[in-house]
Amino acid sequence: MPSNPESPVSAHALGLPVTQVRGVGPERAALLGRLGIVTVEDLLWHRPRRLEDRRALLPISRLALGEPATVCGTIMASGVKWFRQRTRSVFEFVLDDGTGRLHCRWWNLPMLERVFRPGDVVLVFGKPNSLRPRQMDRPETERFEGEDDPTVHLRRIVPVHGATEGLTPRTMRTLVWNALEQFGPALEPDGWDGNKPGAHPDGQPWPERRKALRDLHFPGEMADAERARERFAAEEFLRLQREIRRRRESLARAFAAPRCPGDNRLMRPFLARLGFALTDAQSRVLRDIRKDVGGVVPMRRLLQGDVGSGKTVVAACAAVMALEAGHDVVVMAPTEILARQLGAAFHRWLGPFGVGVGLHAGGRCDASGGDGPRVTVGTHALLEADVDLGKPGLLVIDEQHKFGVSQRESLLRKAGHTHLLVMTATPIPRTLGLTLYGDLDISVLDAMPAGRQPVRTHVRDASALPKVWEFVRGELAAGRQAYVVCPRVEESGDDDVRAVLKEFDAVKAAMEPWACALVHGRMASAERDAAMEAFRSGAAPLLVATQVIEVGVDVSAASVIVVMSAERFGLAQLHQLRGRVGRGLAASHCILVADAKTDAAQARLDVMARTRDGFEIAEEDFRLRGPGELLGHAQSGMPSFRFGDLGRDLALMRWARDQARSGG
Ligand code: ADP
Ligand code: MG
């Protein structure tokens, strides 16, 4: 393409093949291709793995044990030692910088002898594992070569890019430097609209693109690099949030939901009969919902509330609004137990007013009540083709995190994209919420109903079990109830059933003569119902279960939960399980019987013992395990970011959401 040498290199330059960069021939282009770097733009935005401050190198004499550091010196001696009949070897060189000596060692890489020679000047980055003699094992190294431009590699903060075969971090650095030199200064100002005055989350403008690119790789100060990262992360987040906004707008254009303004005809008597007053948090959330369902733009609202915060009654109130306007309501729950429990609550609350409540779970279908608008509760069985949902005015999905996004979409498609309320007790980290559920408005139930006793958490090892059982007996004798939870390793494996049965026998023996019910995922539903009913009614004050009881089960007389092998549960799960108790007026206890073999397991248990705040637990879980495990299958559709970091960019993600929503 002919180009005018006077004009700045415009946007098209970024799309040029990477071979346009000085130093990139066909061979290197192929290697770069393996890193996904095809164009000049790909190379410029290739994020370094880390930055290294080489403005002032540490003298070897000042190395500290276990502290990562970069030193530079000359190789005084090197060699390979062989042992075990020449099947094992160690290569070592001794580096001297005039202040001291450092031994660097590599096992079973004898070919390094041909790479490093006495007299070579080498930069070494690593952690000393001994100081007498000073020694590093497998440090990162960078050898100086005559033709290199030292201004690129020394006396500045330099990028260290992930190496790949044939491309050392040093080569990558040179290529990125060349790309910045050739294309950087000539790049047009980007004119990115996210960077307009007054738009920034902290009032500080981000660096302009040209500067940000340079700072990403060769910043003057470490803080400049972070600022540059933030700027590019902000771009990623804003792009995502605008996409989310476009989706919302097209939803509003494509579908109209029935107006459910509510005339309080049913609401007033319903609330009067409830037996308790709504909390302020519940009333506030209901005002949000009332505003949404009063209009024709389909509601898309996520209700987040810790276990026991009283989401069910909020859903019932929302249902009442739809029923008053003459529309059916469909409620979907992730497990049969939960669907039955919800069905029973709706029946208890709404039945007296002649509202029919139907149940679709586990192949059975019960219906009751008159011929006015009705409530249908079920599991994902509701999605089956032969179930007719009619044209409901409101959909409720309880424990949304147990469903995938695709199930939510299936339900919406089947029920005609009407008002939707999804509820979750897993307080997901807020950044993740904005990312995954960015297309939802979020309401939070941030206060518990009054009179709740905090749950005390105890971590015990298996040797303390006799004492644990003694304690549980005491609780039962005082008229309270208890759960014993055993982990289920795999979905419905026979071995796990055996394990639960064994545990069941052990608990039964330990707790004689108290009656003990058993619930696990592979029971026939009639059997399971009978067991749940025995527990609910108090006939069996003790329930042994797998984590099928994890979500939602509500028995307020239960004051103790014993979790066996607690180290095998995730934080979010433990938090859910703990939420099964502390629902009544008695002081409650969560006993985690654990054998924490790893630090990570111990860290999880410590978090549980330390805090009851669901948000804090979620953020910790996120930090300890990353988003993948936390969200399980619900993570499908999780966007990935090159610069954005969901662990720490909450303010930035909020900013992007607000920008996008206010039309920015
Ligand atoms: P979750 O948010 O975990 O689904 P639930 O809806 O199961 O919690 O509510 C837990 C318990 O608290 C239930 O027994 C429910 O009836 C009760 N509850 C809900 N709201 C209130 C309130 N405002 N005052 C007293 N008890 C309440
Ligand atoms: Mg619930």
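Because the structure is predicted, anything quoted here is derived from the model rather than measured. (Residues numbered from 1 in each chain as written. Chains lettered and ligands numbered in written order. Predicted model: local features only at pLDDT ≥ 70, side-chain atom pairs only at ≥ 80, totals over all residues. Heavy atoms only, no water.)

Enquirer: Break down the pattern of salt bridges for me, with residues and values.
Expert: In the structure shown here, the tally under the stated rule is 35 salt bridges. Across the salt bridge formed by Arg 55 and Asp 53, the nearest N and O atoms sit 2.7 Å from each other. In this structure Arg 55 comes out as partly exposed when scored by relative accessible area, which is 38%. For Arg 284, the salt bridge goes to Asp 446, with nearest N and O atoms at 2.9 Å. Here the residue Arg 284 occupies a position in helix α9 (residues 280–293), and Asp 446 occupies one in the loop between β17 (441–445) and β18 (455–460), the gap between them amounting to 162 residues. Salt bridges here are not isolated pairs; linked through shared partners, they connect Arg 49, Arg 50, Glu 52, Arg 54, Glu 140, Glu 142, Arg 170 and Arg 173. (Salt bridge = Lys/Arg side-chain N within 4 Å of Asp/Glu carboxyl O. Buried < 20%, exposed > 50% of the residue type's maximum accessible area, 1.4 Å probe, protein only. Helix = DSSP H or I, 4+ residues; strand = E, 2+ residues; numbered from the N terminus.)

Enquirer: Now, about unusual backbone geometry: what can you tell me, with residues and values included?
Expert: Residue Pro 133 is reached from Arg 132 by a cis peptide bond, and omega for that bond is -5 degrees. For Pro 133, the location among the structural elements is in the loop between β6 (128–131) and β7 (134–137). Put simply, Glu 512 and Pro 513 share a cis peptide bond, and its omega is -5 degrees. Residue position: Pro 513 is located in the loop between α15 (494–511) and β20 (516–519).

Enquirer: Break down the nonpolar core for me, citing the residues and quoting the values.
Expert: If you look at the biggest cluster of nonpolar residues, it comprises 47 residues, and the most contacted ones within it are Val 18, Val 21, Leu 32, Leu 43 and Leu 44. Taken together, domain 1 (1–53 + 156–187) and domain 3 (191–254 + 647–664) each give at least three residues to this core, which thus spans both. Judged by nonpolar contacts, the second largest core, of 44 residues, contains Met 267, Leu 303, Ala 339 and Leu 421. (Core = buried A, V, L, I, M, F, W, Y, C linked by side-chain atoms within 4.5 Å. Domains from an automatic or database assignment.)

Enquirer: How would you summarise the packing of helix α5 (residues 169–183) against helix α6 (residues 209–217) if you had to cite specific residues and measurements?
Expert: Closest axis-to-axis distance for the α5/α6 pair is 11 Å, and the angle between their directions is 165 degrees. Classified by the interaxial angle, the pair formed by α5 and α6 is roughly antiparallel. In the crossing of α5 with α6, the sense of the turn from one axis to the other is left-handed. Touching Val 176, Trp 177, Leu 180 and Glu 181 of α5 are Leu 213, Arg 214 and His 217, all from α6. Residue classes in the contact of α5 with α6 are distributed as four nonpolar, one polar and two charged. (Axes fitted to C-alpha atoms, helices over the stretch in contact; angles between N-to-C directions. Parallel < 35°, antiparallel > 145°, perpendicular 65-115°, else oblique. Left-handed = near helix turned anticlockwise from the far one by under 90°. Contact = heavy atoms within 4.5 Å. Nonpolar A, V, L, I, M, F, W, Y, C, P; charged D, E, K, R; others polar.)

Enquirer: Could you give me a rundown of the packing of α6 against helix α7 (residues 222–254), with the residues and numbers involved?
Expert: Relative orientation of the contacting elements α6 and α7 amounts to 125 degrees, with a least axis distance of 8 Å. Between α6 and α7, the angle is such that the two are oblique. Judged by the sense of rotation from one axis to the other, the crossing of α6 with α7 is left-handed. Judged by residue contacts, Arg 209, Ala 212, Leu 213, Asp 215 and Leu 216 of α6 engage Asp 224, Ala 225, Ala 228, Arg 229, Arg 231 and Phe 232 from α7. A class-by-class count of the residues in the contact of α6 with α7 yields six nonpolar, no polar and five charged.

Enquirer: Please set out the environment of Met 523 residue by residue, giving values where relevant.
Expert: Along the polypeptide, Met 523 turns up in the loop between β20 and α16 (525–537). When neighbours within four sequence positions are excluded, Met 523 is seen to be in contact with Leu 518 and Arg 528.

Enquirer: Just give me the short version of the confidence of the model for the chain, but keep the residues and values in it.
Expert: Atomic detail in the predicted coordinates should be set aside for any region of low pLDDT. Per-residue pLDDT for the chain averages 85, and the proportion of residues at 70 or more is 90%. The least confident element of the chain, judged by mean pLDDT, is strand β13 (residues 364–366) at 58; the most confident is strand β11 (residues 329–332) at 97. Scored below 50 in pLDDT, residues 1–9 makes seven contacts in the model with residues more than four places away or belonging to other chains. Contacts from residues 628–636, a stretch scored under 50 in pLDDT, to residues over four places away or in other chains number 22 contacts. (pLDDT = per-residue confidence, 0-100.)

Enquirer: Hey, could you go over the sheet that holds β6 for me, with residue numbers and the actual values?
Expert: In any sheet, the strands associate via hydrogen bonds between backbone groups, in a parallel or an antiparallel arrangement. Taking strand neighbours across the sheet as the criterion, the seven strands line up as β6-β7-β4-β3-β2-β5-β8 in an open arrangement whose pairing is mixed. For this open sheet the edge positions go to β6 and β8 (140–143), each flanked by a neighbour on one side alone. Across the sheet, the mean angle from the axis of one strand to that of its neighbour is 35 degrees, orientation sign disregarded. When β6 meets β7, the two strands line up antiparallel, connected through three bridges. Directly across from Leu 131, in β7, lies its bridge partner Arg 134. (Pairing = 2+ DSSP bridges.)

Enquirer: Before we move on, could you go through the sheet that holds strand β19 (residues 481–485) and cite the residues and values that matter?
Expert: One open sheet holds the six strands; their spatial order is β18-β23-β22-β19-β21-β20, and the pairing between them is parallel. Each edge of the open sheet is held by one strand with a lone partner, namely β18 and β20. Each strand axis lies, on average, 15 degrees off the axis of its neighbour in the sheet, ignoring direction. Here α16 sits on the sheet and contacts β19, β20, β21 (542–545) and β22 (558–563); the angle it forms with β20, its principal contact strand, is near 140 degrees. Running at roughly 150 degrees to β18, helix α18 (residues 599–610) makes contact with β18 and β23 (588–593) of the sheet.

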